[in-house]
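# Topology and contacts: notes
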Amino acid sequence: MQYRTLGRTGVQVSTLVLGAMNFGKIGNTTQEEATAIVDGALDAGINLIDTADAYSGGQSEEMVGKAIAGRRDDVVLATKATLPMGDERNQRGGSRRWLVTALENSLRRLGVDHVDLYQMHRWDPTTSDDETLSALTDLQRAGKIRYFGSSTFPAYRIVQAQWAAREGRLSRYVTEQPNYSILQRAIETHVLPATQEYGMGVLAWSPLASGWLSGAIRADQEISTNRSGFMQHRFDVSIPANRAKLDAVEQLAKVADEAGLSMIQLALGFVTAHPGVTSAIIGPRTMDHLSSQLAAADTVLSADVLDAIDAIVAPGVDLAAHEKNDTPPALLEPALRRR
């Protein structure tokens with residue numbers, strides 16, 4: 001396992017992060033299975049676990065908490081807030097009112113008195129940066145979080161938040177968690193230059209592109225992954241964007257074969273090769289998944305392989321931009337762009 005410094009925090013983290021989104025009903029994973037995955041990841045050298053309150057309605061946090069009991073000091077523990085946690089309209093977002101409550105709920109589910117990294121799962125356009133950063137700074141000073149970061153923020157919001165922290169003499173976001181893979185490269189255009197400018201750690205989610213780069217999806221076989229079962233629109237190859245992904249996968253498979261690599265090694269090695277990326281988040285649902293992903297822990301891609309990838313999916317290009325979850329709200333909600 002390789003380790004890198006998380007931004008400018010001084011904290012050393014593994015280049016592979018254990019993501020716990022599949023723990024609970026989303027991945028149909030039991031506590032016994034989740035504990036085995038956590039144990040296997042920690043034993044292999046992974047030291048950062050990433051979860052969120054919204055994953056399976058809090059089940060993921062509960063499972064992670066039970067799995068790390070007795071090993072808390074071995075783990076850099078990260079969770080997130082802001083996504084809806086109920087029907088009540090204030091059980092979401094980046095307000096002080098909600099973040100204080102959300103963190104207390106997460107600490108209770110995790111069975112800990114603090115988390116190492118508390119991340120805003122999405123930018124909340126209804127709440128000012130001053131409000132959110134002030135609440136997070138107070139929670140940090142209270143010892144309930146060590147650091148805080150953002151997730152899936154557009155580049156201009158990353159910059160604005162950094163300036164708001166400076167002007168308000170508040171603590172700042174020290175990490176960003178973007179969607180990044182061979183098939184989704186647009187963050188290379190603006191997001192990664194911004195995070196590098198501000199010395200932020202970057203934890204890339206979905207480096208296997210929801211399973212497209214796992215080796216389980218090929219043109220000559222039926223797509224039957226767990227994710228395709230409840231996100232069918234993202235795997236319907238009659239849709240042009242999905243067809244483009246499948247065509248790219250076929251070409252990438254040849255590159256991997258010629259380099260003597262699995263598709264997983266190619267995909268994870270690509271993400272961690274970028275100098276602006278700290279770690280890639282893996283989200284195994286089974287021990288077999290974990291083993292195949294751990295095989296990429298020390299993968300270093302040659303310049304020739306990276307050039308071959310660039311020829312298939314050009315730098316800065318998303319093959320399915322609508323899946324990125326960072327679209328400005330005014331492009332999604334007509335009321336925000338009408339006078």
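Before reading further, recall that the structure is shown in the block above.
Quantities reported herein were computed from a predicted structural model and do not represent experimental measurements.

Before going further, it helps to examine unusual backbone geometry. Positioned with a positive phi, Asn-28 is a non-glycine residue whose angle comes to about 55 degrees. Tracing the backbone shows Asn-28 in the loop between strand E3 (16-19) and helix H1 (31-43). In the Ramachandran plot, Thr-82 falls in the positive-phi region, its phi being about 110 degrees despite a non-glycine side chain. When you line up the elements, Thr-82 lands in the loop between strand E5 (76-81) and helix H3 (96-110). Thr-82 sits in the buried class, given a relative accessible area of 8%.

What follows covers helix H5 (residues 155-168). End to end, H5 covers 20 Å across 14 residues, agreeing with the expected 20 Å (1.5 Å per residue, within 8%). Contacts from the buried residues of H5 go to helix H4 (129-141), strand E8 (175-177) and helix H6 (191-197). A positive phi of about 55 degrees marks Arg-169, the residue just after H5.

Going through the model one piece at a time under the given rule, you end up with four aromatic pairs. When the ring of Phe-153 is compared with that of Tyr-173, the centres are 5.6 Å apart and the planes differ by 80 degrees; the resulting orientation is edge-to-face. On the criterion of sequence distance, the pair formed by Phe-153 in the loop between strand E7 (145-151) and H5 and Tyr-173 in the loop between H5 and E8 is long-range, its members being 20 residues apart. Summarising the burial analysis for this pair, Phe-153 and Tyr-173 share the class buried. Ring plane angle 40 degrees and centroid distance 5.6 Å describe the contact between Tyr-180 and Phe-270, whose orientation is recorded as tilted. Of the two residues, Tyr-180 sits in the loop between E8 and H6 while Phe-270 sits in helix H9 (residues 263-273), which places them 90 residues apart along the sequence. Of the two residues, Tyr-180 and Phe-270, neither departs from the other in class, the shared state being buried. Between the NZ or CZ atom of Arg-166 and the centre of the ring of Trp-163, over which it lies, the distance is 4.8 Å.

Reading guide: rules and limits
- Sequence positions are assigned chain by chain, starting from 1 and proceeding in written order.
- Where totals are concerned, whole chains, interfaces and linings use all residues; where local detail is concerned, this predicted model gives features only for residues with pLDDT of at least 70, and gives and counts side-chain atom pairs only at 80 or more.
- Values shown for side chains rest on all heavy atoms present in the structure; no hydrogens or waters enter the calculation.
- Numbered from the N terminus, helices here are DSSP runs of H or I no shorter than four residues, and strands are runs of E no shorter than two.
- Throughout, exposure labels follow a simple rule: accessible area from a 1.4 Å probe, protein chains only, divided by the maximum for the residue type, with under 20% read as buried, over 50% as exposed, and the rest as partly exposed.
- A helix is expected to span 1.5 Å for every residue after the first.
- Should any heavy atoms of two residues lie within 4.5 Å, those residues are counted as being in contact.
- Here the aromatic set is Phe, Tyr and Trp, taking the six-membered ring for Trp, and pairing holds for ring centres within 6.5 Å; pairs whose planes are under 30 degrees apart are stacked, those over 60 apart are edge-to-face, and all others are tilted.
- Working rule: Lys NZ or Arg CZ, within 6 Å of ring centre, within 35 degrees of ring normal, means a charge sits over the ring.

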